[in-house]
Amino acid sequence: MITVKNISKSFGQQNLFDDASFHLNQGEKIGLIGLNGHGKSTLLKIITGEEESDSGEILLPKGYRLGFLPQHMVCKEETVLKEASQNLSSADGTWKVKKALSGLGFSEQDFERSPESFSHGYRMRIALVKLLISEPDLLLLDEPTNFLDIISIRWLKNFLKKWTGELFLISHDRKFMDDLITHVVAIQRQKIRKMKGSISQFQNQIEMEEEVYEKERLNAIKARQRQEEYIQKYRAKARRASQVQSKIKHLAKQEIKEKQHDIKNFKIKFQSKGFHTKYVGRLENLTFGYTKDRILINDLSMEILYGDKIAIIGENGSGKSTLLSMVNDQLNPCTGKVQWHPQVTLRAFNHKEIENLNPDLTVEETISEVLEETAFYTVRHICGAMMFTGDSVFKKVEVLSGGEKVRLVLAKLLAKKSNVLLLDEPTHHLDLPSCEALIDATRSFKGTVLFVTHDEYFLREVAQKLIVFQRDGVKIFEGGYDDFLAKVGWEEDFLQEGKDLKKVPLQNRKERRRDRAKDLHKRQKLINPLKKEIEKLESMIEQKEKQQKECQDNLIKASVEQDLDLIHESNQLLKKSEKDLDLYYDQLFELSEELKGIEEELEKL
């Protein structure tokens, strides 16, 4: 439906992408990936016409409508409902608007409130509703989960799964993206590439191709050196003159593969300070509310163990960050107390830390402030780990992007040892590779972590215990996020089924959870054979890729030695292995899609 044809774009000395082309076909849902600052948002702006490419063109069918969120929400109507209904083609669709508003966290009372009375995040939710109900042909979403909570994200994901048009999506939430996309478009090494499948499948393919490229490059260098040695050795021999000239011509025509530059990766490892007792702290009968009528936390108690990875989850405004502030001694509870062991060294990441960065300091100076008397090379090492290299260490805070500021605050956390970390929405403004690195660092940290996040992938990978804010209060759940979904679930599941939670008897809820567990068991029986088939295919692919590499090595060797029989044999084997690989990858994609469908059904239980 859309053709991106030979587009190039650069800013000053930075070349984002060069002579890039791809097609977006009917019904495709694209996940756009790439490092921060490498042109993802720029590509979306070029497609929408907000920005021009240096060369090339975007071809759209006549009458094809694009839908994208504005950067700033300007409200024109007096109520939320009227504002959200602006793009409706007829008054009959008001129910669609109400359903979307409810799904994104607005109550019926909110429908009649002024849009201006809401925070920027909630006004952006209104803008998202306006966009969704306008039903464009292509929906372009740049980090749509940044202003949503975990409940709203789940609703949006279900909405987009049913979306019949085309979708272009940028998100740092890997699970959110993988659950929706049919294809990946990646900006890498100034090129744009499209591939069918998930992010993991794309990354594995790129990793394999780059390994093959580097091996071929090194083999070509060795082959060239052998031919140069032959030329030097026999250049003066008259009877070898024709062979020498032939090799000289062959070398002149031979393409020299350039070494690919290393892609900068976000490297993070929290320094752990030793701790030798089981308990690091406890919450004792915590109660907090801004008014008597609005109690957010009531009589919450919990033992916090060394090594615990505790996620605090729930809707926006339910009290998650409030709890983290009390734990960090930045807010006093109405009653109860937070007690920490005397040996606890606590460090925190939150968005107030970002706001409190001194805009006049450079990156290097900001980190030096934390380290005080530490050697210069230690400061530079931390800068490098957080992808501040070269002249970027002299950039002032005031000119840093959102992602760079997040990395800078995380760098301050890296600078000193701790045994308790408090993280409030740490993945905001980070790209996918940076989120992966942060997950690894949090998971491998020996100390205790309490964190707030709406990123379900982060939750699944890190959380061992949960503090859950639901409509009926704050509860402790001993287990990970998948266990919580299977055994308890979100109360909004009832509401989305059209049931009044107050009218659902507790016994019925227990029965529903019991039925959910039974369904879970049944579906596990389907999942396990599929997983075995997928593992078998992955093993076959691995073997076939090894065979393919051997064929490529033999082909290079045969070309150097001018062995025509070996060239023919290697070519035949290479074609067969490529054909087999295509078949295996198609089978793997089909099985993965089947497994994904079952897992999506499980997630709804």
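Just so it is clear, the structure is predicted and the values come from calculations on it, not from any experiment.

Further remarks concern the overall build of the protein chain. Secondary structure summary: the protein chain contains 19 helices and 18 strands in total. The dimensions of the protein chain, computed from C-alpha atoms along their principal axes, are 105 × 65 × 50 Å. The buried share among the 605 residues of the protein chain stands at 47%. About 31400 Å² of surface is accessible on the protein chain, with carbon and sulfur atoms providing 47% of the total.

As a further point, take empty space enclosed by the protein. Where empty space is left in the structure can be found by rolling a water-sized probe over the atoms. Going through the model one piece at a time under the given rule, you end up with one cavity of 30 Å³ or more. The computed volume of the largest cavity comes to approximately 30 Å³. Around the largest cavity sit His 172, Arg 174, Leu 432, Cys 435, Glu 436, Ile 439, Asp 455 and Tyr 457, which together line it. Residue contributions to the lining of the largest cavity peak at four residues, all from helix H14 (residues 432-444). Residues that form the lining of the largest cavity fall into these classes: four nonpolar, one polar and three charged.

Counting residues in each nonpolar core, the largest one holds 52 residues, and the members touching the most others are Phe 270 and Leu 410. If one sorts the elements of this core by residue count, helix H13 (residues 402-414) sits on top with seven residues. Formed by 45 residues, the second largest nonpolar core is a distinct cluster that contains Leu 101, Leu 180, Val 184 and Ile 199.

Let's shift gears to the sheet that holds strand S6 (residues 138-142). Taken in spatial order, the six strands of this open sheet run S5-S6-S7-S3-S8-S9, and their pairing is mixed. Since the sheet does not close on itself, it has two edges, and those belong to strand S5 (66-68) and strand S9 (191-196), each with one partner. Between one strand axis and the next, the sheet turns by 20° as a mean value, whatever way the strands run. In the sheet, S6 pairs with strand S7 (residues 166-170) via five bridges, with the strands oriented parallel. Each residue of the ladder has a partner; that of Leu 138, found in S7, is Glu 166.

This brings us to the domain arrangement of the protein chain. In terms of domains, the protein chain is made up of domain 1 (2-203), domain 2 (204-253), domain 3 (279-492) and domain 4 (525-604). Summarising the inter-unit geometry, the C-alpha centres of domain 1 and domain 2 are found 49 Å apart. With eight residues of domain 1 at the contact, the number on the domain 2 side is six residues. Buried surface at the junction of domain 1 and domain 2, both sides included, amounts to about 580 Å², of which 36% is carbon and sulfur. Linking domain 1 with domain 2 are two salt bridges. In terms of residues, the side of domain 1 that touches domain 2 owes the most to one element, helix H7 (residues 199-234), which gives four residues.

Turning our attention to the packing of H7 against helix H8 (residues 241-253). As a packed pair, H7 and H8 sit with axes 10 Å apart at the nearest point and diverge in direction by 145°. Pair H7 / H8 crosses with left-handed handedness. Contacts between H7 and H8 pair Arg 224, Gln 227, Glu 228, Tyr 230, Ile 231 and Tyr 234 from the former with Gln 243, Val 244, Lys 247, Ile 248, His 250 and Leu 251 from the latter. For the contact of H7 with H8, the class distribution of residues is six nonpolar, three polar and three charged.

Below, the discussion takes up the pattern of salt bridges. Going through the model one piece at a time under the given rule, you end up with 31 salt bridges. Here Asp 179 ties to Lys 157 by a salt bridge, and the two come within 2.9 Å at their closest N and O atoms. Of the two residues, Asp 179 is situated in the loop between helix H6 (174-178) and strand S8 (183-188) and Lys 157 in helix H5 (residues 150-161); the sequence distance between them amounts to 22 residues. For the pair shown, Asp 179 and Lys 157 are each scored as buried. Put simply, Lys 576 and Asp 580 hold a salt bridge, and the shortest N to O gap is 3.0 Å. Residue Lys 576 and its partner Asp 580 are both found in helix H19 (residues 564-604); the two are separated by four residues, about one turn of the helix.

Another aspect to go through is the sheet that holds strand S4 (residues 55-59). In space, the three strands of this open sheet follow the order S2-S1-S4, with antiparallel pairing throughout. Each having just a single partner strand, strand S2 (14-24) and S4 make up the two edges of the open sheet. Here the strands of the sheet are splayed against their neighbours by 20° on average, with no regard to which way each runs. By the bridge criterion, four bridges tie strand S1 (residues 2-11) to S4 in an arrangement that is antiparallel. Following the sheet pairing, Thr 3 is matched in S4 by Leu 59.

Next up on the list: a negative patch on the surface. On the surface, Glu 578, Asp 582, Asp 586 and Glu 590 cluster together into a negatively charged patch. With respect to the secondary-structure elements, Glu 590 resides in helix H19. The class for Glu 590 is exposed, based on a relative accessible area of 56%.

Along the polypeptide, Gln 205 turns up in helix H7. Taking relative accessible area as the criterion, Gln 205 reaches 15% and is therefore assigned buried. Setting aside residues up to four positions removed in sequence, Gln 205 forms contacts with Arg 193, Met 195 and Tyr 585.

Another aspect to go through is H14. Given 3.6 residues per helical turn, the α-helix brings residues three or four places apart onto the same face. Look at H14: 18 Å from first C-alpha to last across 13 residues, which is about the 18 Å you get at 1.5 Å a residue. Buried within H14 we find Leu 432, Ser 434, Cys 435, Glu 436, Ala 437, Leu 438, Ile 439, Ala 441 and Thr 442.

So, about the side chain of Thr 453. Looking at the element boundaries, Thr 453 is found in the loop between strand S16 (448-452) and helix H15 (456-462). Judged by its relative accessible area of 2%, Thr 453 falls in the buried class. A distance of 3.0 Å separates a polar atom in the side chain of Thr 453 from the backbone nitrogen of Asp 455. Every residue in contact with Thr 453, bar those within four places of it in the chain, is listed here: Ile 312, Ile 313, Glu 425, Thr 427, Phe 458 and Leu 459.

The rules behind these values
- Residues numbered from 1 in each chain as written.
- Predicted model: local features only at pLDDT ≥ 70, side-chain atom pairs only at ≥ 80, totals over all residues.
- Heavy atoms only, no water.
- Helix = DSSP H or I, 4+ residues; strand = E, 2+ residues; numbered from the N terminus.
- Buried < 20%, exposed > 50% of the residue type's maximum accessible area, 1.4 Å probe, protein only.
- Areas by Shrake-Rupley, 256 points an atom, 1.4 Å probe, with all protein chains shown as cover.
- 1 Å grid on protein atoms, 1.4 Å probe; cavity = no way out; pocket = protein on both sides within 12 Å on 5 of 7 lines; lining within 4 Å.
- Points joined across faces, edges and corners; volume = space filled by probe spheres on them.
- Nonpolar A, V, L, I, M, F, W, Y, C, P; charged D, E, K, R; others polar.
- Core = buried A, V, L, I, M, F, W, Y, C linked by side-chain atoms within 4.5 Å.
- Pairing = 2+ DSSP bridges.
- Axes fitted to C-alpha atoms, helices over the stretch in contact; angles between N-to-C directions.
- Domains from an automatic or database assignment.
- Contact = heavy atoms within 4.5 Å.
- Buried area = accessible area lost by both parts, 1.4 Å probe.
- Salt bridge = Lys/Arg side-chain N within 4 Å of Asp/Glu carboxyl O.
- Left-handed = near helix turned anticlockwise from the far one by under 90°.
- Patch = residues over 30% accessible without salt bridge, like charges linked within 9 Å, V, L, I, M, F, W, Y side chains within 5 Å.
- Lys, Arg positive; Asp, Glu negative; His and termini not counted.
- Charge placed at Lys NZ, Arg CZ, Asp CG, Glu CD.
- Expected span 1.5 Å × (residues − 1).
- Polar contact = N/O pair within 3.5 Å; in protein donor to acceptor, adjacent residues only side chain to side chain.

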